[in-house]
Number of protein chains: 2
Amino acid sequence: MPRRQITGFSNPTVKLLRSLRDKKHRKREGKFLAEGLRLLTDARECGRIPETLVMAEGRDAHPLLGALERAVEAAGGDIIETSADILTKITGKSNPQAVAGVFAEWDTSLDQIDRDSAPIWLVAQALRDPGNLGTMLRTADAVGAGGLILIDDCADPFSVESVRASMGAVFTQHVVQATWDDFIAWHRAGNGQLVAASLRDAVPYRGAPYQAPCFVLVGNESQGLPEDYEMACDLRVTMPMKGRADSLNAAVAAAVLAYEVLAALD
Amino acid sequence: MPRRQITGFSNPTVKLLRSLRDKKHRKREGKFLAEGLRLLTDARECGRIPETLVMAEGRDAHPLLGALERAVEAAGGDIIETSADILTKITGKSNPQAVAGVFAEWDTSLDQIDRDSAPIWLVAQALRDPGNLGTMLRTADAVGAGGLILIDDCADPFSVESVRASMGAVFTQHVVQATWDDFIAWHRAGNGQLVAASLRDAVPYRGAPYQAPCFVLVGNESQGLPEDYEMACDLRVTMPMKGRADSLNAAVAAAVLAYEVLAALD
């Protein structure tokens, strides 16, 4: 398959790829951008092959890069070589890694997941920080969760910041987007325990009666969970707060709780 | 005390305050910026009074703002009223809260802290992300730690991002900056157990023999801890990694470990 060389900043493909840093354009195109050989190799090993691979001229040869090129070619994808300057323009990073890929977004509906396929699932409501979102995906991978379920208006899991903070877990973990009403109806129609970190009618998080599949729910960074969401949970647990503050960072709270659930279920 | 009104963008005070968003200027001036009534109230209640208080004209009256103004006046500080536009320019946020304060940085040397004053201390090596740094301070507050000790070349704890992510804990927690050599000499000259999350010669983090004062050490976001730093620890513990990745976000790892230490020591 011939490779395309792109040498001009005003090339339409450069403009398109660059536009994927904006949510509006990602949603219109149904595509997103991921950068770096490690991330793209994680993707490949999980069966996610970029539609377009963009490589900097003068990059170092690497066996993993060769494997990536062959996978993109085999899948009928597009391989583009361009200058480091143009790659910088595409990724928006002043020091881009030598390779970036464009992926088609995938289906993130609830019916894509089998709740019994994993003992733990993370659930976030109105999580606004893409770094927190990516960090939760990374934690989900670490605790052997099935995925991250995003409730209401969350940050975009396919944003550059989220993909980067996930350290590849966006490719290994299921990502679901749902309204609260749809999620709670789905939850009640099947197996599973919904657990929230809460101060209301809560038991200590250590030694609480966790059950698989356990859905660990955290709320918005500044507002926390709405009270009716908390009260709809099967279990409310409280973590020690020894200082002046009454809450943890959302991704931290999810991780402390998820590791406790993991220890209880193991 | 008379209040100053500032109406011009080119006012030298506006330029000075605005410059505090840059580390170079913070270090030269020995001052930093914190924003929002809640953060400034946390500071006041911990005995940290801003040298300069900047308030937006047309702000809503609030008893906590009144208390803040009185505290600044009593301490001989400067109170400035300005437009919302100028406050935006100072803070760099498009939607600033109605009040910001300038604080003198304080001494962050090791000899400022009493290691036996708290059962847990967090220690970070070459932590580069100011959001992670602030999140660690917030976690330190939550677990009743004494503070956060920053080893080698870390992000600036007095950056706007770090102060914001700390949710006020920068005012409640001790912050120390030290080289590894100075830290390890100080550590060995007294009481205390240095614990690292590690894959080398490590025991499971649950049920490990933690002892107070326990110093929980995490490394740089991309490199982790240098091997000789790990080997200098009194205890190395490992956390389950069930997925593809072999590490957690640094602030997440510190929190999961710190909550385990808290449960063990309680």
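Just so we're clear, the structure is a prediction, and the values are computed from it rather than from any experiment.

Conventions used here
- Residues numbered from 1 in each chain as written.
- Chains lettered and ligands numbered in written order.
- Predicted model: local features only at pLDDT ≥ 70, side-chain atom pairs only at ≥ 80, totals over all residues.
- Heavy atoms only, no water.
- Axes fitted to C-alpha atoms, helices over the stretch in contact; angles between N-to-C directions.
- Helix = DSSP H or I, 4+ residues; strand = E, 2+ residues; numbered from the N terminus.
- Parallel < 35°, antiparallel > 145°, perpendicular 65-115°, else oblique.
- Contact = heavy atoms within 4.5 Å.
- Nonpolar A, V, L, I, M, F, W, Y, C, P; charged D, E, K, R; others polar.
- Pairing = 2+ DSSP bridges.
- Buried area = accessible area lost by both parts, 1.4 Å probe.
- Salt bridge = Lys/Arg side-chain N within 4 Å of Asp/Glu carboxyl O.
- Least-squares fit on C-alpha atoms with pLDDT ≥ 70 in both.
- Phe/Tyr/Trp six-rings, centres within 6.5 Å; stacked < 30°, edge-to-face > 60°.
- Buried < 20%, exposed > 50% of the residue type's maximum accessible area, 1.4 Å probe, protein only.
- Polar contact = N/O pair within 3.5 Å; in protein donor to acceptor, adjacent residues only side chain to side chain.
- Domains from an automatic or database assignment.

What follows concerns the packing of helix 1 (residues 12-19) of chain B against helix 5 (residues 84-91) of chain B. All names here are of chain B. Taken N-terminus to C-terminus, the directions of helix 1 and helix 5 make an angle of 40 degrees; their axes are 7 Å apart at the nearest point. Here helix 1 is positioned oblique relative to helix 5, judged by the angle of their axes. In contact with Val-14, Leu-17 and Arg-18 of helix 1, helix 5 contributes Ile-86, Lys-89 and Ile-90. Along the lines of polarity and charge, the residues of the contact of helix 1 with helix 5 split into 4 nonpolar, no polar and 2 charged.

What follows is about the sheet that holds strand 8 (residues 174-178) of chain B. All names here are of chain B. Taken together, 7 strands build an open sheet; the order of strands is 8-7-6-11-9-12-10 and the sheet is parallel. Unpaired on one side and paired on the other, strand 8 and strand 10 (203-204) mark the two borders of the sheet. Pairing between strand 7 (residues 147-151) and strand 8: 5 bridges, direction parallel. By the bridge assignment, Ile-149 is partnered in strand 8 with Val-176. Contacting strand 6 (120-125), strand 7, strand 8 and strand 11 (214-218), helix 6 (residues 130-142) crosses the sheet at an angle of about 145 degrees to strand 7. Its contacts with the sheet place helix 11 (residues 250-265) against strand 6, strand 9 (193-197), strand 11 and strand 12 (235-238), and it is angled at close to 160 degrees to strand 11.

Right, let's talk about the interface of chain B and chain A for a bit. Taken together, the 34 residues of chain B in the interface contact 34 residues of chain A. Summing both partners gives a buried area of about 2,800 Å² for chain B against chain A, and 52% of it is carried by carbon and sulfur. Considering only the surface of chain B that becomes buried against chain A, Arg138(B), Arg244(B) and Tyr259(B) emerge as the three largest contributors, covering 25% of it. Linking chain B to chain A there are 8 salt bridges. With its nearest N and O atoms 3.5 Å apart, the salt bridge here joins Lys242(B) to Asp266(A).

The next subject is the pairing of strand 12 of chain B. Successive residues of a regular strand alternate their side chains across the two faces of the sheet. All names here are of chain B. Bridge count between strand 9 and strand 12: 3 bridges; the pairing is parallel. Note that in strand 12 the partner of Ala-197 across the bridge is Val-237. Strand direction decides the pairing type here: strand 10 and strand 12, joined by 2 bridges, are parallel. Following the sheet pairing, Pro-204 is matched in strand 12 by Thr-238.

Before going further, it helps to spend a moment on the relation of the copies chain B and chain A. Least-squares fitting of chain B to chain A yields an RMSD of 0.0 Å, with the transformation described by 0.0 Å of translation along the axis and a rotation of 180 degrees. Expressed as an axis order, the relation between the two copies is that of a two-fold axis. A high fraction, 100%, of the interface residues of chain B reappear at the interface in chain A, so the copies pair face to face through one surface.

Glancing now at the packing of aromatic side chains. Aromatic ring pairs are described here by two measures, namely the spacing of the ring centres and the angle between the planes. For the structure on display, the rule yields 28 aromatic pairs over all chains. When the centroid spacing of 5.3 Å and the interplanar angle of 90 degrees are considered together, the rings of Trp106(A) and Phe158(A) count as edge-to-face. Residue Trp106(A) is found in the loop between strand 5 (99-104) and strand 6 (120-125), and its partner Phe158(A) is found in the loop between strand 7 (147-151) and helix 7 (160-165); the two are separated by 52 residues along the sequence. On the accessibility criterion, Trp106(A) (15% relative accessible area) is buried. Using a relative accessible area of 1% as the deciding quantity, one classes Phe158(A) as buried. Look at Trp180(B) and Phe183(B): their rings are 6.0 Å apart centre to centre, the planes differ by 45 degrees, and that puts the pair in the tilted class.

This part is about helix 1 of chain B. The complete set of buried residues in helix 1 of chain B reads Thr13(B), Val14(B), Leu17(B) and Ser19(B). One side-chain oxygen at the N-terminal end of helix 1 of chain B lies 2.6 Å from the backbone nitrogen of Thr13(B); it belongs to Asn11(B).

What follows covers the domain arrangement of chain A. Residues and elements named next belong to chain A. Looking at the assigned domains, one finds that chain A contains domain 1 (4-104) and domain 2 (110-265). If you average the C-alpha positions of domain 1 and of domain 2, the two centres end up 31 Å apart. Taken residue by residue, the interface counts 15 residues in domain 1 and 11 residues in domain 2. Between domain 1 and domain 2 lies a buried interface of about 1,200 Å² when both sides are counted; carbon and sulfur atoms form 66% of it. Considering only the surface of domain 1 that becomes buried against domain 2, Arg-26, Phe-32 and Leu-39 emerge as the three largest contributors, covering 38% of it. Where domain 1 packs against domain 2, one counts 2 salt bridges. In this structure, Asp-156 engages Lys-27 in a salt bridge whose closest nitrogen and oxygen atoms are separated by 3.1 Å. Those elements that provide at least two residues to the side of domain 1 that touches domain 2 are helix 2 (23-29), strand 2 (31-35) and helix 3 (37-45). Ranked by residues supplied to the side of domain 1 that touches domain 2, first place goes to strand 2 with 4 residues. The residue makeup of the side of domain 1 that touches domain 2, split by class, is 7 nonpolar, no polar and 8 charged.

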